[in-house]
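Letter by letter, the chains look like this.
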Amino acid sequence: MAYLDFSGFNGQPLAASGMVETAATLTALEWQVVAIAQRDRLSSLEAPGRWSRLFALFFGGDRASPRLADSKLEALRRVAVLAWHKGYALPKQEIAAFHASGYSLDQLEVLLARVSQGRAALNEGRGR
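Worth saying up front: this structure is predicted, and the values here are computed from it rather than measured.

Asks: What should I look at first to understand the overall build of the chain in this one?
Replies: Of the regular secondary structure elements, the chain holds 5 helices and 0 strands. Across the chain, helices and strands are ordered from the amino to the carboxyl terminus as α-α-α-α-α. Out of the 128 residues in the chain, the part that is buried amounts to 25%. A separation of at least 24 residues holds for 68% of the contacts in the chain among residues at least 6 apart in sequence. Of the accessible surface of the chain, which amounts to about 9600 Å², a share of 57% is contributed by carbon and sulfur atoms.

Here is the structure:
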């Protein structure tokens, strides 16, 4: 994260209230993916193993894969699952895949901040 020196503004506001619009937004569908990812396990990020495929072959594949058909939304889901479970500690390759899917660093920061707030609220509720 970069830091900027705003001391040259002598305490003056950088922009009038309401004039700054953030470009780091996600669509309603993308926020739904983030919310759904909260319930996904870390194991949903791994490819099904040989035993699970064999089990599904004999006993039916009643377990639906949480993977999304849209590659951009799947990259978002993967980062969101990791954020829900590990917070800001994301693997570099997942961040690279997130950016390669067309998401910006600002969008990643907004996502991580929102998930962090959600995790804090969940932890606060468990402490009562």
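Read on, since the account is not over.
Asks: Would you mind going over the pattern of salt bridges with me for this structure?
Replies: Pairs can form between side chains of opposite charge once their charged atoms are near each other. Inspection of every chain in the model, using the stated rule, returns 3 salt bridges. A salt bridge links R77 to D40, with the nearest nitrogen and oxygen atoms 3.0 Å apart. Of this pair, R77 sits in helix α3 (residues 71-86) while D40 sits in the loop between α1 (28-37) and α2 (50-59); the two residues are 37 residues apart in sequence, bridging distant segments of the chain. With respect to burial, R77 and D40 carry one shared label: buried. Here R77 and E74 are joined by a salt bridge, their closest N and O atoms 2.9 Å apart. In this pair, R77 and E74 both sit in helix α3, 3 residues apart, roughly one turn of the helix. Across the pair, E74 and R77 agree in class, each one buried. Linked by salt bridges that have partners in common, D40, E74 and R77 make up one network.

Cut-offs and rules
Residues numbered from 1 in each chain as written. Predicted model: local features only at pLDDT ≥ 70, side-chain atom pairs only at ≥ 80, totals over all residues. Heavy atoms only, no water. Helix = DSSP H or I, 4+ residues; strand = E, 2+ residues; numbered from the N terminus. Buried < 20%, exposed > 50% of the residue type's maximum accessible area, 1.4 Å probe, protein only. Contact = heavy atoms within 4.5 Å. Areas by Shrake-Rupley, 256 points an atom, 1.4 Å probe, with all protein chains shown as cover. Salt bridge = Lys/Arg side-chain N within 4 Å of Asp/Glu carboxyl O.

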